[in-house]
There are 2 protein chains.
Amino acid sequence: MIIDNNFYMNLALNEAWKYQGLTYPNPAVGCTIVGKSSEILAVEAHQKAGAPHAEVNALQSAYYKLTNDKSILSLADSADIHNYLLLNHNNIFTKTKLFTTLEPCSHHGKTPSCASLIYELGIKEVYVGSPDTNVLAQNGKDILTNNGCSVYTKLLAKECDALLLPFKRSLEENFVYFKWAQRLNGTTDDGNVSSLESRTDVHAKRDVCDLLVIGGNTVREDRPKLDARLVDGKAPDILIYSREKEFDKTIALFNVEGREIFIESDFKRVKNYKNVMIEGTDTMYMMTRDIVDYYLCYLSPSFGGSKSFDVCGDKFDILNVTQESEDIIMWMKRI
Amino acid sequence: MIIDNNFYMNLALNEAWKYQGLTYPNPAVGCTIVGKSSEILAVEAHQKAGAPHAEVNALQSAYYKLTNDKSILSLADSADIHNYLLLNHNNIFTKTKLFTTLEPCSHHGKTPSCASLIYELGIKEVYVGSPDTNVLAQNGKDILTNNGCSVYTKLLAKECDALLLPFKRSLEENFVYFKWAQRLNGTTDDGNVSSLESRTDVHAKRDVCDLLVIGGNTVREDRPKLDARLVDGKAPDILIYSREKEFDKTIALFNVEGREIFIESDFKRVKNYKNVMIEGTDTMYMMTRDIVDYYLCYLSPSFGGSKSFDVCGDKFDILNVTQESEDIIMWMKRI
């Protein structure tokens, strides 16, 4: 195995994909920091909106690794970590390299930008995957180069762009992903298909979705709640795709507070939302084929059930695959 | 992400799994070498019998990384690498740490043992996953500790033992694995299911199998050759499981030189072989359930076909998952 800049960027990519679908309205971003002897000091990701950016998380971990100063680990707020680093860095970062899947932000909001933090800490080498085209945050590269930093762009650009696509789609129009859980033999029926860890991960994603789309038959048969109780999160609005408008209102999903429910026979409403999860099996898959950006499959390594995905001919690129406890989680793009 | 000894051992594990099924009659082993500043100097694996052990490959790569002396890269023979390292190491390894999934060998054959190479190079810290219980090679740990090296055992022992199991089974009795290729929707029919890269990987595994087991119906329907032509390798012997002994001898597999073919209605012959691959779908799966150690699934991210695995209730532990070009390759154990 070759240990090179691609290797370090791949670590950042894999860490970031763990939080894909959880960072909305922010992008999923990963960051690796490598020390002066090429030692890996940190691999971190942006985990959710409001939490520190990937670079800040990585600089926090790297600072601890280099200094053994535990007090920085108690800081959770991005502004506090910024300030602590600026006051205490003592030039320990001057020979480190920073790898980030997305151009560091130039946005001075509650905290100074990541770009300014990076040059203030004396980091001289930054490797970037995707350029930031968001007008609020772009030009991080220029800030860095204007302050004596060498910036190398487009490292694993294709992979970093695939990681960033959900964010870009949510800015342009919306990001729509189709999520399903299946067994090895392709079945989706007969009780809980995936592990508790996988279902918890789905609930965490529902918590940051603003619309969940589901088929009327699934609602009638499964009587689901479709909330985010496993993470104590907010329940998304629901679009039930159904020609038949009558539903038994004692079905659990109708009795969750703070959500809107629409029963409609088309998908026009999807365009009013920015981060949309579609849950379903083959019928829903075929109907939403043209509006879906990415596919998210929770694959349980088991045989069982009887009702399998019955759709023909589609092929996917696997964008990321990870094993989370028992199951495999795959993000894919139809090709 | 925590960058610690487990991280380094996991790199070795993942590298080794790439060669699982290819190293017979040797074990699959991985090795990571970490420099004095915790920089990763090398992650390598044993790739095939006759080729250098994982430790030797890793020491070769690490030597090059530390010295930039390209001449070592031209050496492929283990004895040559041993000698070159012993003559030229110049004490560059004294502060490195070595992580190996299997206790370094104590076996002095064509080359001195890995254990002796490690202490001769002045490495003082060795982390081991699984102990070597093979009488020919064991006691590497004692050789190391008797020569001033600290050996830390059982690092990710469960994971390293799972990697080693095929080797141990082949020594005790035999290692039997069931291989299949499927699409996302569980189908196994309708032409080539997996990519050329996956099929090439299967041929490389056939090349080191000594017996391939296949069902009579598959032979009649698919008329396969079941050789290792994609890697220019040797074709394994074949056991066709069939009650009906008559076959059209123009079927390609009957016309491959240097192989024995058995047509039998039981699996007793399997015990005469050490490294056995069973290829098949659900019928063969059910019949061989009690003799199979591991399952190897090539998963193509596509929908299609019509004939799906139809077996119920089995669950697996995923031992390793990797993405190789288009497909996913999973090694699993039934639980």
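It should be noted that the structure appears before, not after, this text.
The residue count restarts for each chain, going from 1 along the sequence in the order it is written. Chains carry letters from A onward and ligands carry numbers from 1 onward, assigned in written order. Local features in a predicted model are, by the rule used here, given only for residues with pLDDT of at least 70; side-chain atom pairs are given and counted only at 80 or more, and totals for whole chains, interfaces and linings are based on all residues. The side-chain figures draw on all heavy atoms in the structure; neither hydrogens nor water molecules are used.

## A closer look at the overall build of chain A
How we decide: The helix and strand labels rest on DSSP assignments: H or I over at least four residues marks a helix, E over at least two residues marks a strand, and numbering proceeds from the N terminus. All radius of gyration figures rest on C-alpha atoms, and the globule criterion is 2.2 Å times the number of residues raised to 0.38. The cut-offs for exposure are 20% and 50% of the maximum accessible area for each residue type, with area from a 1.4 Å probe on protein chains only; residues under the lower value are buried, those over the upper are exposed, and the others partly exposed. Only heavy atoms matter for contacts: two residues are in contact if any of them lie within 4.5 Å across the pair.
Helix and strand counts for chain A come out as nine helices and 13 strands. Taken against the 2.2 N^0.38 rule, which gives 20 Å for 335 residues, the C-alpha radius of gyration of chain A at 22 Å falls within 12% of a compact globule. Counting over 335 residues, chain A shows a buried share of 57%. Here the analysis covers contacts within chain A between residues at least 6 apart in sequence; of these, 72% occur between residues at least 24 apart.

## Remarks on the sheet that holds strand β5 (residues 150–152) of chain A
Residue and element names in this part refer to chain A. For clarity, the threshold we go by: Two strands pair if DSSP finds at least two bridges between them. The axes are straight lines fitted to the C-alpha atoms, using for helices just the contacting stretch, and the angles between their N-to-C directions are given from 0 to 180°.
Read from one edge of the open sheet, five strands run β2-β1-β3-β4-β5, paired in mixed fashion. Among the strands making up the open sheet, the edge pair consists of β2 (40–45) and β5. The sheet shows a mean angle of 15° between the axes of neighbouring strands, taken without regard to direction. Bridging between strand β1 (residues 30–34) and strand β3 (residues 97–102) involves four bridges; their strand directions are antiparallel. Within β3, the position partnered with C31 by the bridge is T100. Relative to β2, helix α1 (residues 5–17) is tilted by about 35°, and along the sheet it contacts β1, β2, β3 and β4 (125–130). Seen against the sheet, helix α6 (residues 157–172) touches β3 and β4 and runs at an angle of roughly 65° to β4.

## Examining the pairing of strand β1 (residues 30–34) of chain B
Residues and elements named next belong to chain B. Burial of β1 is extensive: five of the five residues sit out of reach of the surface. In β1, alternate side chains face the same way, and those of G30, T32 and V34 on one face and C31 and I33 on the other are all buried. Pairing analysis gives five bridges linking β1 to strand β2 (residues 40–45), with the strands arranged antiparallel. Each bridged residue has a counterpart across the sheet, and for V34 the counterpart in β2 is I40. With antiparallel pairing between neighbouring strands as the criterion, β1 and β2 make up a hairpin whose turn holds five residues, including S38 at a positive phi of roughly 70°.

## Comments concerning the interface of chain B and chain A
Stated formally: Values labelled buried area give the accessible surface lost by two parts on being combined, using a 1.4 Å probe and summing over both. Basic side-chain nitrogens of Lys or Arg form a salt bridge, by our definition, when they fall within 4 Å of a carboxyl oxygen of Asp or Glu. Whenever a nitrogen or oxygen atom comes within 3.5 Å of another N or O atom, the pair is scored as a polar contact, on the condition that within protein one atom can donate a hydrogen and the other can accept it, and that pairs from neighbouring residues in sequence are kept only if both atoms are in side chains. Three classes are used: nonpolar for Ala, Val, Leu, Ile, Met, Phe, Trp, Tyr, Cys and Pro, charged for Asp, Glu, Lys and Arg, and polar for all others, with Gly counted as polar.
In this assembly, 41 residues from chain B lie in contact with 41 residues from chain A. Taken as a group, M1, L184 and F303 of chain B account for 22% of the area that chain B buries against chain A, more than any other trio of residues on that side. Here chain B and chain A share zero salt bridges between them. At the junction of chain B with chain A, the criterion picks out 17 residue pairs in polar contact (both at pLDDT 80 or more). Counting only elements with at least two residues in the side of chain B that touches chain A, the list comes to α1 (5–17), β2, β6 (175–183), β11 (294–300), β12 (316–324) and β13 (327–334) of chain B. With four residues, β12 of chain B is the largest single contributor of residues to the side of chain B that touches chain A. Of the residues that constitute the side of chain B that touches chain A, the class distribution is 22 nonpolar, eleven polar and eight charged.

## Description of the pattern of salt bridges
Using the criterion set out here, one finds 30 salt bridges over all chains in the structure. K268 of chain A is the salt-bridge partner of D266 of chain A, the closest N and O atoms lying 3.8 Å from each other. Residue class for D266 of chain A comes out partly exposed when judged on its relative accessible area of 28%. Residue K268 of chain A is classed as exposed on the basis of its relative accessible area, which comes to 59%. Among the ionic pairs, R169 of chain B bridges to E172 of chain B, the shortest N-O distance being 3.1 Å. Taken as a pair, R169 of chain B and E172 of chain B lie in helix α6 (residues 157–172) at a separation of three residues, close to a single helical turn. Residue classification places E172 of chain B among the exposed residues on the basis of a relative accessible area of 57%. One network of salt bridges, in which partners are shared, links R169, E172, E173 and D293 of chain A.

## Let's talk about the packing of aromatic side chains
All names here are of chain A. Let me state the cut-off plainly: Put simply, two rings from Phe, Tyr or Trp (the six-membered ring, in Trp's case) pair if the centres are within 6.5 Å, and we call them stacked under 30 degrees between planes, edge-to-face over 60, tilted for the rest.
The full count for this structure, using the stated rule, is 50 aromatic pairs over all chains. On the numbers, 6.0 Å between centres and 45° between planes, the contact of W17 with W331 is tilted. Of this pair, W17 sits in helix α1 while W331 is found in strand β13 (residues 327–334), placing the two residues 314 residues apart along the sequence. Side by side, W17 and W331 carry an identical accessibility label, which is buried. Between the aromatic rings of F175 and Y294, the centroid separation amounts to 5.7 Å while the plane-to-plane angle is 85°, which identifies the pairing as edge-to-face. Linking F175 in strand β6 (residues 175–183) with Y294 in strand β11 (residues 294–300), this pair joins segments that are 119 residues apart in sequence.

## Some points on the packing of helix α2 (residues 54–67) of chain B against helix α3 (residues 78–88) of chain B
All names here are of chain B. Quick note on the threshold: Roughly parallel covers angles under 35 degrees, roughly antiparallel covers those over 145, roughly perpendicular covers 65 to 115, and oblique covers all other angles. Should the near helix be turned anticlockwise from the far one by less than a right angle, the crossing is termed left-handed; should it be turned clockwise, right-handed.
Remark: α2 packs on α3, axes separated minimally by 10 Å, with the N-to-C direction vectors making an angle of 45°. Taken together, the axes of α2 and α3 lie oblique to each other. Note that α2 runs across α3; the crossing there is left-handed. Along the contact surface, α2 presents V56, L59, Q60 and Y63, while α3 presents S78, I81, H82, Y84, L85 and N88. When the residues that make up the contact of α2 with α3 are grouped by side-chain class, the tally is six nonpolar, four polar and no charged.

## Digging into the sheet that holds strand β9 (residues 261–264) of chain B
Residues and elements named next belong to chain B. Strand order in the open sheet formed by eight strands is β9-β8-β7-β10-β6-β11-β13-β12, and the pairing between neighbours is mixed. The outermost strands of the open sheet, each flanked by one partner alone, are β9 and β12. When the angles between neighbouring strand axes are averaged without regard to direction, this sheet yields 20°. Here four bridges tie strand β8 (residues 237–241) to β9, and the two strands are oriented parallel to one another. Paired with Y241 across the two strands is E264, which belongs to β9. α6 rests against β6, β11 and β12 of the sheet, and its axis sits at about 130° to β6.

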